[in-house]
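Geometric and topological summary
Residue-level listing of the chains:
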Amino acid sequence: MWPDTRIQELFDIEFPIVQAPMAGANGSAMAIAVAEAGGLGSLPCALLTPDQLRAELGAIRAGTRRPVNVNFFCHRPPQPDVEREAAWRHELSRYYVELGLDPDAPVPASSRAPFDDEFCGLVEELRPEIVSFHFGLPERRLLNRVRATRARIVSSATTVREARWLEDAGCDAIIAQGAEAGGHRGMFLAEAVDRQVGTMALVPQVVDAVKVPVIAAGGIADGRGIAAALALGAAAVQVGTAYLFCPESTVADPHREALRSAHADDTVLTNVFTGRPARSIVNRTVREVGPLSPLAPAFPLAGGALAPLRSAAPSGSADFMSLWSGQGVALRRELTAADLTRVLAQEALARLSSLTSGAAR
Ligand SMILES: Cc1cc2nc3c(=O)[nH]c(=O)nc-3n(C[C@H](O)[C@H](O)[C@H](O)COP(=O)(O)O)c2cc1C
């Protein structure tokens, strides 16, 4: 029924559907629901402390016996750059004044933590079946420890060159993340944001370049998108934005409201929220400071100076908040994560069978 079952076999799942790990937007509840419905549930850890990771993974193990994907960012922590930090604070100072804040007051450090010895120790102890990374891979010493747990190792590529690099480093599967995708670009060798490749062009070129199975991501939100990705040679899909509408999603209310009214052309790649390019719905910060600001400090430091603005903004304001979203946002449906997973699988199978029987309109 499915054209390529390599990912289902590799991950031991029923449908070739991965719920994208979405830091700040999903936790154990969504991962359990997706796993129980037959997809791969994912736990994003970039915004979790080690104790929170332990608690969330414990909740998943209590809620399902199915495999789980645990996801980490693996950026190198940046060197502090006092001048750039000051320029960024200056750029944002008008908003501090507007909201009655002291532009020179200390700001909190941005909390996105890279994969390190402590997280690696938890992987060794808690043994998630799949470990995925964003922004490349951790240093070899840590990667070898993850591999020794027998976890399947996965990471995102935004170019053919990145995909080959990940395969050479021993990834068991590669996510081809097209430019339509919501959230951070996984780019780690590529630097030019305006040269990022769309899903339709990226997936078949990555499929041709590597032997390991490819998971297509970016703009896929219904059965048509899944069937198209599989027709391009992907063995599975990773779906993010479509899951943000589920009751299990933990996005803040202003983010949910923005998602509910966004059109395909309301998103843009911007670095203003964290210092790294990511796809967000356009809001005041993106419009007035970005979308790509040369002043934004290196990832994840740019986020620190925005935190006081978010807290001081009127309740319900989305002005200073990252509104991660992919271009498929308007294909939204408000279903539970379990129902969405099942509907995506049914729609994809129906579309695939109508295409092969020649009955597709
Ligand atoms: C709200 C949000 C948060 C995300 N956070 C992460 C993350 O923590 N780790 C990660 O590997 N990818 C993250 N991504 C990217 C997804 O893994 C995936 O590439 C993307 O959602 C696919 O495109 P789509 O949103 O159009 O479905 C995030 C995406 C969104 C929308």
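This structure is a prediction, so every number in the text was calculated from the model and none was measured.

1. Regarding the overall build of the chain
Looking only at helices and strands, the chain has 13 helices and eleven strands in total. Rg of the C-alpha trace for the chain: 20 Å, near the compact-globule value of 21 Å for 361 residues, within the 12% margin. Along the three orthogonal principal directions, the C-alpha set of the chain runs to about 65 × 50 × 40 Å. For the chain, the proportion of its 361 residues judged to be buried stands at 56%.

2. Here we look at the layout of surface pockets
A volume near 510 Å³ is recorded for the second largest pocket. Along the wall of the second largest pocket there are 24 residues; nearest its centre are M187, A190, E191, R276 and P277. Its residues placed into classes, the lining of the second largest pocket shows 15 nonpolar, five polar and four charged. Residues from two domains meet in the lining of the second largest pocket; each of domain 1 (1–75 + 112–248 + 336–361) and domain 2 (80–110 + 252–330) gives at least three.

3. Description of the site of the ligand
Contacts to the ligand come from 23 residues, most closely from P21, N71, G219, G240 and T241. One of the side-chain N or O atoms of N71 is found 2.8 Å from a nitrogen atom in the ligand. Within the contact set of the ligand, an oxygen atom lies 2.9 Å away from a side-chain nitrogen or oxygen of Q238. Protein contact buries 98% of the 600 Å² of open area that the ligand shows by itself. Secondary-structure elements contributing two or more residues to the shell around the ligand are β3 (68–73) and β9 (236–239).

4. A short note on empty space enclosed by the protein
Evaluation of the coordinates by the stated rule reveals one cavity of 30 Å³ or more. As a volume, the largest cavity reaches approximately 40 Å³. F11, V18, L40, N69, I130, S132, V154, I175, I215 and Q238 together form the lining of the largest cavity. In the lining of the largest cavity, the residues fall into seven nonpolar, three polar and no charged.

5. Examining the packing of helix α3 (residues 50–63) against helix α5 (residues 117–126)
Taken N-terminus to C-terminus, the directions of α3 and α5 make an angle of 20°; their axes are 10 Å apart at the nearest point. Relative to α5, the element α3 lies roughly parallel. Judged by the twist between their axes, the crossing of α3 over α5 is right-handed. Taken together, the residues of α5 that come into contact with α3 (itself represented by P50, L53, R54, L57 and R61) are E118, F119, L122, E125 and L126. By residue class, the composition of the contact of α3 with α5 is six nonpolar, no polar and four charged.

6. Points about the sheet that holds strand β5 (residues 152–157)
Overall, parallel pairing links the eight strands, which are arranged β1-β9-β8-β6-β5-β4-β3-β2 in an open sheet. Every other strand in the sheet has two partners, leaving β1 (17–19) and β2 (41–44) as the edge strands with one partner each. Direction aside, neighbouring strands of the sheet carry axes that sit 25° apart on average. Relative to strand β8 (residues 214–217), strand β6 (residues 173–177) is paired through four bridges, and the arrangement is parallel. Bridge pairing in β8 links I174 to V214. Along the sheet, helix α8 (residues 199–209) contacts β5, β6 and β8; its crossing angle with β6, the most-contacted strand, is approximately 155°.

7. Considerations on unusual backbone geometry
Here the residue pair G290 and P291 is connected by a cis peptide bond, since its omega of 5° sits within 30 degrees of zero. Of note, P291 is situated in the loop between α11 (284–289) and α12 (307–312). Following F299, the chain continues to P300 via a peptide bond in cis, the omega torsion being -5°. Within the secondary structure, P300 is located in the loop between α11 and α12. A positive phi angle is found at F135, which is not glycine, with a value near 80°.

8. Describing the sheet that holds strand β7 (residues 183–184)
Taken in spatial order, the three strands line up as β7-β11-β10 in an open sheet, and their pairing is antiparallel. Looking at which strands have only one partner, the edges of the open sheet turn out to be β7 and β10 (267–270). Looking at chain direction, β7 and strand β11 (residues 278–281) are connected through two bridges and run antiparallel. Considered in β11, the bridge of G183 is made with R279.

9. As for the domain arrangement of the chain
When cut into domains, the chain gives domain 1 (1–75 + 112–248 + 336–361) and domain 2 (80–110 + 252–330). Centre-to-centre separation of domain 1 and domain 2, based on C-alpha positions: 26 Å. Listed as interface residues are 20 residues of domain 1 and, on the opposing side, 19 residues of domain 2. Summing both partners gives a buried area of about 1,800 Å² for domain 1 against domain 2, and 62% of it is carried by carbon and sulfur. Per-residue buried area on domain 1 facing domain 2 is highest for R112, H184 and F245; these three make up 31% of the total on that side. Summed over the shared surface of domain 1 and domain 2, the result is eight residue pairs in polar contact (both at pLDDT 80 or more). Counted by class, the side of domain 1 that touches domain 2 contains eleven nonpolar, six polar and three charged residues.

10. Examining the pairing of β6
The buried count for β6 comes to five of five residues, which makes it a mostly enclosed element. Because side chains alternate across β6, one face comprises the buried residues A173, I175 and Q177, and the other comprises I174 and A176, equally buried. Bridge analysis of β5 against β6 gives four bridges, and the strand direction is parallel. Among the inter-strand pairings, S155 is bridged to a residue of β6, identified as I174.

Criteria and cut-off values
- Residues numbered from 1 in each chain as written.
- Predicted model: local features only at pLDDT ≥ 70, side-chain atom pairs only at ≥ 80, totals over all residues.
- Heavy atoms only, no water.
- Helix = DSSP H or I, 4+ residues; strand = E, 2+ residues; numbered from the N terminus.
- Rg over C-alpha atoms; globule rule 2.2 N^0.38 Å.
- Buried < 20%, exposed > 50% of the residue type's maximum accessible area, 1.4 Å probe, protein only.
- 1 Å grid on protein atoms, 1.4 Å probe; cavity = no way out; pocket = protein on both sides within 12 Å on 5 of 7 lines; lining within 4 Å.
- Points joined across faces, edges and corners; volume = space filled by probe spheres on them.
- Nonpolar A, V, L, I, M, F, W, Y, C, P; charged D, E, K, R; others polar.
- Domains from an automatic or database assignment.
- Near = heavy atom within 4 Å.
- Polar contact = N/O pair within 3.5 Å; in protein donor to acceptor, adjacent residues only side chain to side chain.
- Areas by Shrake-Rupley, 256 points an atom, 1.4 Å probe, with all protein chains shown as cover.
- Axes fitted to C-alpha atoms, helices over the stretch in contact; angles between N-to-C directions.
- Parallel < 35°, antiparallel > 145°, perpendicular 65-115°, else oblique.
- Left-handed = near helix turned anticlockwise from the far one by under 90°.
- Contact = heavy atoms within 4.5 Å.
- Pairing = 2+ DSSP bridges.
- Buried area = accessible area lost by both parts, 1.4 Å probe.

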